[in-house]
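Architecture at a glance
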Amino acid sequence: MRILKTVLIFIFAITPWFLQAQTLQPKPTKAQLAWHDMEFYLFMHFGPNTFTGLEWGHGNEHEEVFNPASLDCEQWCRIAKAAGAKAIIITAKHHDGFCLWPSKFSKHTVRESKWKEGKGDVLKELSAACEKFGLKFGVYISPWDRNHPDYGTAAYNDVFVNMMTEIFTNYGPIWELWWDGANGEGPNGKRQVYDWKRFEKTVRDLSPNTVVFSDIGPDIRWVGNEQGFAGKTNWNTLDTAGFTRGAGSPPLDTLNTGNVHGKNWIPAECDVSIRPGWFYHKAEDSKVKTPEQLFELYLKSVGRGANLLLNVPPDGRGLIHENDSAALVGFNKLKAESFKNNLAKGGKGYFLRYNANRVTRALNDDDLSTGEMITLNNLQTVEIKFKKPERINCIILSEDLSAGQACAGFIAYLTNRKYKAVTTIKGTTIGRKKIITFPQTEVTSIIISIQGQKSSTLITEIEAYNIDERLIEK
Ligand code: FUL
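Residues numbered from 1 in each chain as written. Predicted model: local features only at pLDDT ≥ 70, side-chain atom pairs only at ≥ 80, totals over all residues. Heavy atoms only, no water.

1. Some thoughts on the overall build of the chain
Applied cut-off: Comment: elements are numbered from the N terminus, with helices defined as DSSP H or I runs of at least four residues and strands as E runs of at least two. Only C-alpha atoms enter the radius of gyration, while the globule expectation follows 2.2 Å times N to the 0.38, with N the number of residues. Accessibility here uses a 1.4 Å probe with only protein chains present; expressed as a share of the type maximum, an area under 20% marks a residue as buried, one over 50% as exposed, and anything in between as partly exposed.
For the chain, the helix and strand inventory stands at 11 helices and 18 strands. For 474 residues, the compact-globule formula gives about 23 Å, and the C-alpha radius of gyration of the chain, at 24 Å, lands near that figure. Counting only C-alpha atoms, the chain reaches 75 × 65 × 35 Å along its principal axes. Buried residues in the chain amount to 57% of all 474 residues.

2. Let's talk about the nonpolar core
Generally speaking, a soluble globular protein has its nonpolar side chains buried in company with each other. To keep it simple, the criterion reads: By nonpolar core is meant a set of buried Ala, Val, Leu, Ile, Met, Phe, Trp, Tyr and Cys residues that side-chain atoms within 4.5 Å join together. Residue ranges assigned to each domain were obtained from an automatic or database domain assignment. What makes two residues a contact is simply this: any of their non-hydrogen atoms within 4.5 Å.
Leu42, Trp76, Ile88, Ile90, Ile141, Trp179 and Leu310 are the most contacted members of the largest nonpolar core, which totals 76 residues. At 9 residues, helix α7 (residues 154-171) tops the list of elements feeding residues into this core. Residues lining this core come from more than one domain, with at least three contributed by each of domain 1 (30-338) and domain 2 (342-471). Among residues more than four places away in sequence, those in contact with Ile90 are Met44, Phe46, Trp76, Leu100, Val122, Leu123, Leu126, Phe137, Gly138, Val139 and Tyr140. Membership of the second largest hydrophobic core comes to 25 residues, among which are Phe386, Leu414, Ile430 and Ile446.

3. Concerning the environment of Ala154
Considering the arrangement of structural elements, one finds Ala154 in helix α7. Using a relative accessible area of 63% as the deciding quantity, one classes Ala154 as exposed. Considered as a pair, Ala154 and Ser449 are 295 residues apart in the sequence and their alpha carbons are 56 Å apart.

4. Looking at the domain arrangement of the chain
Spelled out, the test is: Accessible area that two parts lose when put together, evaluated with a 1.4 Å probe and summed over both, is termed the buried area. We define a salt bridge as a contact between a side-chain nitrogen of Lys or Arg and a carboxyl oxygen of Asp or Glu at a distance within 4 Å.
Considered domain by domain, the chain is made up of domain 1 (30-338) and domain 2 (342-471). Averaged C-alpha coordinates put domain 1 and domain 2 at centres separated by 35 Å. Domain 1 puts 23 residues into the contact, and the matching count from domain 2 is 18 residues. With both chains or domains summed, domain 1 and domain 2 bury close to 1800 Å², and 59% of this area falls on carbon and sulfur atoms. If you sort the residues of domain 1 by the area they bury against domain 2, Trp235, Leu299 and Ser338 come out on top, with a joint share of 28%. On the surface where domain 1 and domain 2 come into contact, there are 3 salt bridges. With a closest N to O distance of 2.9 Å, Arg432 and Asp37 form a salt bridge.

5. Digging into the pairing of strand β2 (residues 87-93)
Our working definition: Paired strands are those between which DSSP finds at least two bridges. We call a crossover right-handed when, viewed with both strands directed away from the observer, the connection leading from the first strand over the helix to the second proceeds clockwise.
With 7 of 7 residues buried, β2 is to be regarded as a mostly interior element. The pairing of strand β1 (residues 40-44) with β2 spans 3 bridges and is parallel. Considered in β2, the bridge of Met44 is made with Ile90. Where β2 meets strand β3 (residues 136-141), 6 bridges bridge the pair, whose relative direction is parallel. Of the residues in β3, the one forming a bridge with Thr91 is Tyr140. This β-α-β element, β2 to helix α6 (residues 122-133) to β3, shows right-handed connectivity.

6. Some words on the sheet that holds strand β4 (residues 176-179)
Here is the rule: Axes here refer to lines fitted to C-alpha atoms; in helices the fit is confined to the stretch in contact. Angles between the N-to-C directions go from 0 to 180 degrees.
Judged by pairing direction, the barrel is parallel, and its 8 strands sit side by side in the order β1-β2-β3-β4-β5-β6-β9-β10 before closing back on the first. This sheet shows a mean twist of 25° between the axes of neighbouring strands, independent of strand direction. Pairing of strand β6 (residues 220-222) with strand β9 (residues 268-273), which is carried by 2 bridges, proceeds in the parallel orientation. Each residue of the ladder has a partner; that of Arg221, found in β9, is Ala268. In this fold helix α5 (residues 73-83) packs onto β1 and β2, with an angle of close to 140° to the strand it touches most, β2. In the packing of α7 onto the sheet, contacts are made with β2, β3 and β4, and the angle to β3 comes to roughly 165°.

7. Quick notes on the packing of helix α10 (residues 291-301) against helix α11 (residues 322-338)
For the record, the criterion: Under this scheme an angle from 65 to 115 degrees is roughly perpendicular, one under 35 degrees roughly parallel, and one over 145 degrees roughly antiparallel; angles in between are oblique. Helix crossings are classified by the rotation of the near helix relative to the far one: an anticlockwise turn of less than a right angle makes the crossing left-handed, while a clockwise turn makes it right-handed. Put simply, Ala, Val, Leu, Ile, Met, Phe, Trp, Tyr, Cys and Pro go in the nonpolar bin, Asp, Glu, Lys and Arg in the charged bin, and everything else, Gly too, in the polar bin.
Following both chains from N to C, one finds α10 and α11 inclined at 60°, their axes separated by 8 Å at the closest point. In terms of axis orientation, α10 runs oblique to α11. In the crossing of α10 with α11, the sense of the turn from one axis to the other is right-handed. Touching Pro291, Glu292, Leu294, Phe295 and Tyr298 of α10 are Ala327, Leu328, Gly330, Phe331, Leu334, Lys335 and Ser338, all from α11. A class-by-class count of the residues in the contact of α10 with α11 yields 8 nonpolar, 2 polar and 2 charged.

Structure below.
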């Protein structure tokens, strides 16, 4: 026994630190890994505020105000598809407490409204439409409730658990659940002490594959701002010990960048609205973000290894406004045109493993499950060698995350025919996707060198593009 112990200690002592780190690194669950591939999806804020012009309803709005006479969830889904989005997350209940489904645990719901004579159910219509259109369905439910008479007492925790149970039972599968951290006063002036442990257990028991978002996860974290950008350094790992949801969450810049040695895998999601407000307001019809602005958001979220949750609030008719749909379609077109012609593919270039001086196909095969492992050593580089000089202004790198996030620093050398670096780009994390844009340069090769890492980096894909100069990140 003692000999075995000595041998184990010896093996541990001679194991390089990066391999030790590798075994200890937090890794994504299967559901989280699949979440990373979702990239871009829509948020929909919808409820009494859509009709009253408020952002935070008081909770005492008459149910009759909610009357989306032409509601058409299939129109929402058609537009989501045309935008290139992969899911829709809806505010089933915002802070005003109004439920978009006829909950048995509230008297402030669609059932009390005049819409469809009280027989309507937005969650039913939207979950069915999402299924029909091949979109994933997610639900935002605010624990803060400015209407419910039990809010501020222990009984409200039962109400909240019961409401979630209704949602998971009647409208599942729920792909993502969104918990807002806000905790204000209820109708009786009291604040609620949320039983988060119980809430989490309820979701895990009812639907273990649902990914749960909040300021600090457990599965997905808030990115620390509502402008839609992740940190240029963006770790998928976060320390949550000692922090709570809402006011007690980690500092905003920590949420923005994550913690390099964070103990938990909790990647960032960027929530941002296509309009100034979260809910639809007629006065904002002329303030919808342009396709170019949406493209910039894409670069600053998905292009920094996070996901983009773009809010597109339906209007009082129950439809997505024409201005919003035009912007979304325009954005998708810009994206498709920008990334149509990967210059690292199609015989235009080939990849070399520099130190091994061999050609590899793993980096331009559109297959994120194949790649090249790079250990920390300046000679360990990969190179795209173009057959003739190419003009480029955008590179995309991808890293395999299944064993954790490794790369902490990289350099891309863009060189000319004489292997002189004409442009040198330094970066930190790569993560699921790193989109780097720069002024157009004519290059003969791109050499990627890893400068720092937590464990060996498995690069899975390198792409090179020449996008419209106006779209380059400012
Ligand atoms: C915040 C809320 O207070 C806003 O109304 C909105 O729902 C946003 C997504 O989250 O915490």
